[in-house]
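Structural overview
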Amino acid sequence: MARLVCKNRLDFLSDHHKSLLNKHFNQEIQTAQPHELAIKIGIEYSQVIAILAVLSADKFCQNWLLIYHTCAETFVERTPLSAGMPKLPYVCPHCEITLYDYDELQFDVMAETKTKIEFI
């Protein structure tokens, strides 16, 4: 189990928030999307982004860019967030349509942990 010391890095987290995070990240492989985690824990979206950035910096998780296209109800591709935005033209792997701008795409971030994490 990995231990993430929040003091001086994530000072906005109360003991209650840490307890909720511990419950969420109590499995070795766990995913989290910022908007869902913000609602679940009761904190701001930007604060969840900070948590995911710290987890990634400490090598506790891999952050992914989720790519959505209007042809599917779920994401059509995920790439490492560090790779940045997909290059245009973009061929949707689901419907194979070639897109020349980002207008038909939507994006989200997802973190995937590598180990159980305890927030202290």
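Please refer to the structure higher up on the page.
Cut-offs applied
Residues numbered from 1 in each chain as written. Predicted model: local features only at pLDDT ≥ 70, side-chain atom pairs only at ≥ 80, totals over all residues. Heavy atoms only, no water. Helix = DSSP H or I, 4+ residues; strand = E, 2+ residues; numbered from the N terminus. Buried < 20%, exposed > 50% of the residue type's maximum accessible area, 1.4 Å probe, protein only. Contact = heavy atoms within 4.5 Å. Lys, Arg positive; Asp, Glu negative; His and termini not counted. Charge placed at Lys NZ, Arg CZ, Asp CG, Glu CD. Axes fitted to C-alpha atoms, helices over the stretch in contact; angles between N-to-C directions. Parallel < 35°, antiparallel > 145°, perpendicular 65-115°, else oblique. Left-handed = near helix turned anticlockwise from the far one by under 90°. Nonpolar A, V, L, I, M, F, W, Y, C, P; charged D, E, K, R; others polar. Disulfide = S-S within 2.5 Å.

This brings us to the overall build of the chain. Along the backbone of the chain there are three helices and eight strands. Seen through its C-alpha atoms, the chain measures out along the principal axes to roughly 50 × 25 × 25 Å. By residue count, 38% of the 120 residues in the chain fall in the buried class. Residue pairs in contact within the chain that sit at least 24 positions apart in sequence constitute 59% of those at least 6 positions apart. Side-chain charges in the chain split into 11 positive and 15 negative, and the spacing between the mean points of these groups amounts to 14 Å.

Where helix α2 (residues 34-41) contacts helix α3 (residues 45-57), the two axes come as close as 9 Å, and the packing angle between them is 110 degrees. Taken together, the axes of α2 and α3 are roughly perpendicular relative to one another. Handedness of the crossing formed by α2 with α3: right-handed. Here α2 contributes Pro34, His35, Leu37 and Ala38 to the contact with α3, which in turn contributes Tyr45, Val48, Ile49 and Leu52. When the residues that make up the contact of α2 with α3 are grouped by side-chain class, the tally is seven nonpolar, one polar and no charged.

What follows is about the state of the cysteines. Inspection of the entire model under this criterion finds zero disulfides. No disulfide involves cysteine 71; its sulfur sits 3.6 Å from that of cysteine 92, the nearest cysteine. No disulfide involves cysteine 95; its sulfur sits 3.7 Å from the nearest other cysteine sulfur, which is in cysteine 71.

All quantities given are derived from atomic positions and should not be read as evidence of function.
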